[in-house]
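Listed below are the residues making up each chain.
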Amino acid sequence: MENKTCFLIVVLITLVLLLAHLFPKYTCKENIFLTPGFGVEIKSLKAVFGDEIKSLKAVFNMDEFTAAKPNRIDVLTLTPWMAPIVWDGTFDPAVVHALHSPDNLTIVLAVFVVGDYWSFLLPFMENAGKYFMPGYNVTFVVLTDRVGEKAPNVTLGGAGRTVKMMKAEKFNKWSENALHRMPRLLQILDDNELDFKPDYFFTIDVDMLFKAEVGPEILSDLVSFMHPGYFQTSRSHLPYERRKASLAYLSQTQGTFYFGGALYGGHPESVIAMLRHCWANLQDDASRGITAVWNEESHMNYYFALKRPPTLVLSPEYCWASDWALPSQVHFARVFSVAKNNAKLHGKR
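Along each chain, numbering runs from 1 in the same order as the chain's sequence is written. This being a predicted model, a pLDDT of at least 70 is required before a residue's local features are given, and a value of 80 or more before pairs of side-chain atoms are given or counted; all residues contribute to the totals for chains, interfaces and linings. By convention in this description, side-chain values take in all heavy atoms of the structure and omit both hydrogens and water.

Participant: Can you lay out the sheet that holds strand β4 (residues 106-113) for me, pointing to particular residues and giving the numbers?
Facilitator: Strands are treated as partners if at least two bridges between them are detected by DSSP. Each helix is a run of DSSP H or I of at least 4 residues and each strand a run of E of at least 2, with the numbering of both proceeding from the N terminus. In space, the eight strands of this open sheet follow the order β3-β11-β9-β10-β7-β4-β5-β6, with mixed pairing throughout. Both outer strands of the open sheet, β3 (85-86) and β6 (161-167), are each paired with one neighbouring strand and no more. Examined bridge by bridge, β4 and strand β5 (residues 137-144) share eight bridges and lie parallel to one another. Note that in β5 the partner of Ile107 across the bridge is Val138. The contact criterion used is simple: two residues touch if any of their non-hydrogen atoms lie within 4.5 Å. Lines fitted to the C-alpha atoms define the axes, with helices restricted to the stretch that makes contact. Angles between their N-to-C directions range from 0 to 180 degrees. Together, β4, β5, β6 and β7 (200-204) form the strand contacts of helix α5 (residues 121-131), whose direction differs from that of β5 by roughly 170°.

Here it is in structure tokens:
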């Protein structure tokens, strides 16, 4: 009986995908558009499949879906590899929350705070506690060279939301501090320094401020965001590494989007695979005296372009510059990167 149910579901999905391909504007009563393996754009999944959701997940070996409402015609809402692009108005918060129940779901948000960046920690925690995954169990991991200091005393929004202070080495140059974030994250995940295995692991720069809710719409296997400075730039003009000597090299015909390195995450296994690849290539480049144009971000873009693309892409709403005007496509910014004195903070690279 179970095999028959799974077979019928596969047939139904195949028909929907075929109709969607033949008739791009086709919509059925429940406004379904299914993309197996990368997510689901759907107004009410439960209303269509009811108790068969578990069987549907089993067919595609998925443990999460992205629920979306395809009502934005001014922006791209699906990548060429069929991953959803999350904009305001493209998802139903209630449906996404129902599909990603906070019960027994653990999430980590790791942030590096070394040197003068300590001054950003208090406002970051105040806003993250309020807006990042409210209602979910979140461990905010603060990686810092000031382990002896206490975490900021802020309201995090519930008993299941805690702060964990962990050691991060401080290097003399800002570029070195940025470069060594990946191996430190790998160490945390590989060596189980958290003492538990989270369902989702994200990392974000500390000089970011959450200004609106960032919830379960960001949960997927591998997640990154479209860099706000290049989301309308043609591929040939994206700031990829263009030197063939670097392992981050992408040609003029490779790549699709330029992804920022300030926020990424997903399932720990997928994050680990990406970090291992990037760190190995960073070391290989360094052994030959090469530093990619945008350091680890360049290697991350290579990975997403040629190895494995994100299963979910966040729009520039999730990392907008605080001193930039908002274009018509960006209704509002959920997360701002804070304007700051980079010369003072970074010193000589």
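Participant: Got a sec to walk through unusual backbone geometry? Specific residues and values, please.
Facilitator: Positioned with a positive phi, Asn192 is a non-glycine residue whose angle comes to about 55°. Assignment of secondary structure puts Asn192 in the loop between α7 (181-190) and β7. When its relative accessible area of 41% is taken as the criterion, Asn192 is described as partly exposed. Phi is positive for Asp195, close to 70°, though the residue is something other than glycine. Take Asp195: its relative accessible area is 64%, and that puts it in the exposed class. Three exposure classes are used, based on accessible area relative to the maximum for each residue type with a 1.4 Å probe and protein chains only: buried under 20%, partly exposed in between, and exposed over 50%.

Participant: Would you mind going over the packing of α7 against helix α8 (residues 268-287) in detail, with residue names and values included?
Facilitator: At their nearest, the axes of α7 and α8 sit 9 Å apart, and the two run at 140° to each other. It follows that α7 is oblique to α8 by the angle criterion. Relative to α8, α7 is oriented so that their crossing is left-handed. Taken together, the residues of α8 that come into contact with α7 (itself represented by Met182, Pro183, Leu185, Leu186, Leu189 and Asp190) are Pro268, Val271, Ile272, Met274, Leu275, Arg276, Cys278, Trp279 and Leu282. Throughout, the term roughly parallel applies to angles under 35 degrees, roughly antiparallel to angles over 145, roughly perpendicular to angles from 65 to 115, and oblique to all others. For any pair of crossing helices, the crossing counts as left-handed if the nearer helix is rotated counterclockwise from the farther one by less than a right angle, and right-handed if it is rotated clockwise.

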